[in-house]
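Observations on the three-dimensional arrangement
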Amino acid sequence: TRLSNIARPKDRRRRESVFKCFAAFAASCDGDDLVPYLELIIDPLDRAIREASNMSRHGDSHENDPRIALPKDVLQMFEEKCGTSNFLQAYVEVNKKVRHKRDKRKGDIAAEKVSNPGIAAKRKIAKQLREKERKKRRVNDHRHGVKNGSNR
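First, a word on scope: everything that follows refers to the structure included in this document. (Residues numbered from 1 in each chain as written. Predicted model: local features only at pLDDT ≥ 70, side-chain atom pairs only at ≥ 80, totals over all residues. Heavy atoms only, no water.)

**Details of the overall build of the chain**
A count of helices and strands for the chain gives seven helices and zero strands. Listing every helix and strand of the chain by position from the N terminus yields α-α-α-α-α-α-α. Within the chain, the fraction of its 152 residues that count as buried is 25%. Per element, the accessible surface of the chain, about 11,000 Å² overall, is 52% carbon and sulfur. (Helix = DSSP H or I, 4+ residues; strand = E, 2+ residues; numbered from the N terminus. Buried < 20%, exposed > 50% of the residue type's maximum accessible area, 1.4 Å probe, protein only. Areas by Shrake-Rupley, 256 points an atom, 1.4 Å probe, with all protein chains shown as cover.)

Written out as structure tokens, the structure is:
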């Protein structure tokens, strides 16, 4: 549980360290001992893959991205070690929880629009400003030949 929580923030080195630790567990422990912890292990790995693929542009290839390669390799190790059925069962459960959280968050925002329109309007204005800044940054990056905002 502790390692899963440590991997949650978007600090790349911290995540890589935790993922390497997970890989060491997969290499050294028996698959039956790992099955009860699969959901806790898969959650930060899946989150890292999802966030990295969301951050990269849609036209870019995700296969060569180093932010995605390590988590995918670790997931593959756990699938081989614990068996496909156990792994898929845990993976489906993790995705179900992610979907549930996302739907709850959307519902809360929709309820806020009805119950407190002032705060909802502030949220909408802030989102528009973020989008405007993102567009400016992308145009500026395009002018200067920066790919994926890596040289900011």
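**Focus on the packing of aromatic side chains**
Within the structure shown, the criterion is met by two aromatic pairs. Taking 5.8 Å as the distance between ring centres and 20° as the angle between the ring planes, the aromatic pair formed by phenylalanine 87 and tyrosine 91 counts as stacked. Taken as a pair, phenylalanine 87 and tyrosine 91 lie in helix α6 (residues 84-115) at a separation of four residues, close to a single helical turn. In this structure tyrosine 91 comes out as partly exposed when scored by relative accessible area, which is 25%. (Phe/Tyr/Trp six-rings, centres within 6.5 Å; stacked < 30°, edge-to-face > 60°.)

**Examining α6**
For α6, which comprises 32 residues, the first-to-last C-alpha distance of 46 Å matches the rise-based estimate of 46 Å (1.5 Å per residue) to within 8%. Of all the residues in α6, the buried ones are Phe87, Ala90, Val94, Val98 and Glu112. (Expected span 1.5 Å × (residues − 1).)

**So, the nonpolar core**
In this structure, Phe19, Phe22, Ile42, Leu45, Val74 and Phe78 are the most contacted members of the largest nonpolar core, which totals 22 residues. Contributing elements (two or more residues each) for this core: α2 (12-28), α4 (38-55), α5 (66-82) and α6. Here the element with the most residues in this core is α4; it accounts for seven residues. Ignoring anything within four residues of it in the chain, the contact list for leucine 45 reads Phe19, Phe22, Pro71, Val74 and Leu75. (Core = buried A, V, L, I, M, F, W, Y, C linked by side-chain atoms within 4.5 Å. Contact = heavy atoms within 4.5 Å.)

**Points about the environment of asparagine 95**
Looking at the secondary structure, you find asparagine 95 in helix α6. Here the alpha-carbon distance between asparagine 95 and isoleucine 42, two residues 53 residues apart in the chain, equals 9.7 Å.

**Focus: the packing of α2 against α4**
One can describe the packing of α2 onto α4 by two numbers: an axis separation of 11 Å at closest approach and a directional angle of 135°. Accordingly, the angle class assigned to the pair α2 and α4 is oblique. Relative to α4, α2 is oriented so that their crossing is left-handed. Along the contact surface, α2 presents Arg15, Phe19 and Phe22, while α4 presents Ile41, Pro44, Leu45, Arg47, Ala48 and Glu51. Partitioned by chemical class, the residues of the contact of α2 with α4 number six nonpolar, no polar and three charged. (Axes fitted to C-alpha atoms, helices over the stretch in contact; angles between N-to-C directions. Parallel < 35°, antiparallel > 145°, perpendicular 65-115°, else oblique. Left-handed = near helix turned anticlockwise from the far one by under 90°. Nonpolar A, V, L, I, M, F, W, Y, C, P; charged D, E, K, R; others polar.)

No statement about biological role is implied by the geometric values presented.
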